[in-house]
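What follows is each chain in one-letter form.
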Amino acid sequence: EQRELAQGMVRVNHLYRSALKVAVTQMEILDEEFASLYDHSPIHHIEYRIKTLESISDKLRRRGYDVTIDNIYAYIQDVAGIRVICNYLDDIYYLRSLLTRSESFKVLREVDYIQQPKESGYRSLHLIIDVPIVISEGTLHLPVEIQLRTIAMDMWASLEHELRYKSDRNFSDSDAARLRLCSEAISEIDREMQDIYQGKEPSYHE
Ligand code: 0O2
């Protein structure tokens with residue numbers, strides 16, 4: 001059974017890696033096109049990864065499913081994940097609008113943790129898109145998760161993850177509350193930086 005899983009994973013990795021390549025390339029094309037038209041790159045940089053078997057297995061078990069190749073295809077939508085770090089807030093929604101209008105990449109799911117941040121303070125726009133890949137048997141459709149966020153949101157997310165899970169000291173309720181405040185401050189900074197970029201007057205808060 002373990003051998004069957006290992007063999008199946010070789011194919012899973014290959015197929016999702018292909019979907020990842022297609023999606024990353026498409027995002028780069030949109031970025032380059034926008035840059036040549038408007039002299040501004042919406043994307044600061046892109047990161048991507050294939051989820052490890054260990055992380056996939058944890059997620060399946062957490063949701064009450066057996067760890068099988070069929071269940072990976074059926075229930076895990078973030079085997080292939082892209083993180084698109086944008087310069088400004090509007091860049092995120094610009095890319096979102098292109099993706100939602102695209103005929104090639106259907107948006108299967110959208111969760112807007114910018115409008116509605118998570119309890120932790122986490123902010124990003126999550127999209128699951130359907131990516132067609134052409135292989136020898138024909139066209140296959142696979143889900144790819146795209147996390148769109150600003151540089152500031154990315155800074156918060158990576159330090160929060162580090163503090164919460166990686167540091168040796170224990171993570172207190174007070175730490176969590178302070179991080180939520182940092183997230184709010186960052187959100188204001190994102191709005192202000194965008195206003196500066198767009199030449200808008202400062203908006204004063206009460
Ligand atoms: P990795 O290594 O990035 O794959 P799930 O919570 O995973 O069972 P779902 O719907 O996929 O189900 O969750 P969600 O919250 O929509 O998206 C999960 C991913 O968002 C996480 O990936 C993180 O990358 C990011 N994320 C969500 N909440 C937080 C948070 O509070 N802090 C930080 N730093 N990141 C967050 P994974 O699965 O953790 O791992």
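Residues numbered from 1 in each chain as written. Predicted model: local features only at pLDDT ≥ 70, side-chain atom pairs only at ≥ 80, totals over all residues.

### Digging into the overall build of the chain
Working step 1: Counting secondary structure elements, the chain contains 6 helices and 5 strands.
Working step 2: Secondary structure of the chain in N-to-C order comes out as α-β-α-α-β-α-β-β-β-α-α.
Working step 3: On the principal axes, the C-alpha backbone points of the chain span a range of 60 × 50 × 25 Å.
Working step 4: The buried share of the chain, taken over its 206 residues, is 25%.
Working step 5: A sequence separation of at least 24 residues applies to 65% of the contacts in the chain between residues at least 6 apart. (Helix = DSSP H or I, 4+ residues; strand = E, 2+ residues; numbered from the N terminus. Buried ≥ 20, exposed ≤ 12 C-beta atoms within 10 Å, placed from the backbone. Contact = placed C-beta atoms within 7 Å.)

### A word on the site of the ligand
Working step 1: Around the ligand there are 13 residues in total, and Ser120, Tyr122, Ala157, Glu160 and His161 lie nearest to it.
Working step 2: Elements represented by at least two residues in the shell around the ligand include exactly helix 2 (53-62) and helix 5 (151-166).
Working step 3: It is helix 5 that provides the largest number of residues to the shell around the ligand, a total of 3 residues.
Working step 4: For the shell around the ligand, the per-class residue count stands at 3 nonpolar, 5 polar and 5 charged. (Near = placed C-beta within 6 Å. Nonpolar A, V, L, I, M, F, W, Y, C, P; charged D, E, K, R; others polar.)

### Looking at the sheet that holds strand 5 (residues 138-150)
Working step 1: In spatial order, the strands read 1-2-5-4-3; together these 5 strands make up an open sheet with mixed pairing. Only two strands of the sheet have a single partner each, and these edge strands are strand 1 (43-50) and strand 3 (106-112). With strand direction ignored, the average angle separating the axes of adjacent strands in the sheet is 25°.
Working step 2: Looking at chain direction, strand 2 (residues 80-86) and strand 5 are connected through 6 bridges and run parallel. Each residue of the ladder has a partner; that of Val84, found in strand 5, is Leu148. (Pairing = 2+ DSSP bridges. Axes fitted to C-alpha atoms, helices over the stretch in contact; angles between N-to-C directions.)

### A word on the packing of helix 5 against helix 6 (residues 173-197)
Working step 1: Helix 6 packs onto helix 5 with a crossing angle of 170° between their chain directions and a minimal axis gap of 9 Å. Judged by the angle between their axes, helix 5 and helix 6 are roughly antiparallel. Residue-level contacts link Ala152, Met153, Trp156, Glu160 and Leu163 of helix 5 to Asp175, Leu179, Cys182, Ser183, Ile186, Ile189 and Asp190 of helix 6.
Working step 2: Counted by class, the contact of helix 5 with helix 6 contains 8 nonpolar, 1 polar and 3 charged residues. (Parallel < 35°, antiparallel > 145°, perpendicular 65-115°, else oblique.)

### Regarding the nonpolar core
Working step 1: Ranked by size, the top nonpolar core spans 31 residues in total, and within it Ala19, Ala23, Val84, Ile129 and Val144 carry the most contacts.
Working step 2: Tallying contributions element by element places helix 1 (residues 2-38) first for this core, with 6 residues.
Working step 3: Once residues lying within four places of it in the same chain are set aside, the contact partners of Ala23 are Ile82, Ile129, Val131 and Val144. (Core = buried A, V, L, I, M, F, W, Y, C linked by C-beta atoms within 7 Å.)

### Re the pairing of strand 4 (residues 125-135)
Working step 1: Sheet topology note: the strand 3/strand 4 ladder contains 6 bridges and is antiparallel. Across the sheet, Val107 pairs through a bridge with Ile129, a residue of strand 4.
Working step 2: Linking strand 4 back to strand 5 in an antiparallel pair, the connection comprises 2 residues.

### A closer look at the confidence of the model for the chain
Working step 1: Taken as a whole, the chain shows an average pLDDT of 94; of its residues, 98% reach a score of 70 or greater.
Working step 2: Across the chain, element-level confidence peaks in strand 2 with a mean pLDDT of 98 and bottoms out in helix 1 with 93.
Working step 3: For this predicted complex, the interface score ipTM comes out at 0.94, while the overall pTM is 0.94. (pLDDT = per-residue confidence, 0-100.)

### Details of helix 4 (residues 89-101)
Working step 1: Across its 13 residues, helix 4 extends 19 Å between first and last C-alpha, which sits within 8% of the 18 Å expected from 1.5 Å per residue.
Working step 2: Among all positions in helix 4, only Leu89, Asp91, Ile92, Leu95 and Leu99 are buried. Taken around the axis of helix 4, the buried residues stretch over an arc of 165°, which confines them to a single face. Counted as exposed and oriented over 90 degrees from the buried face of helix 4: Ser97 and Arg101.
Working step 3: Those residues of helix 4 that are buried lie in contact with helix 1, strand 2, strand 3, strand 4, strand 5 and helix 6. (Expected span 1.5 Å × (residues − 1). Arc of directions from axis to C-beta.)

### Overview of unusual backbone geometry
Working step 1: Unusually for a residue other than glycine, Asp39 sits at a positive phi of about 60°.
Working step 2: Examined against the element boundaries, Asp39 turns out to sit in the loop between helix 1 and strand 1.

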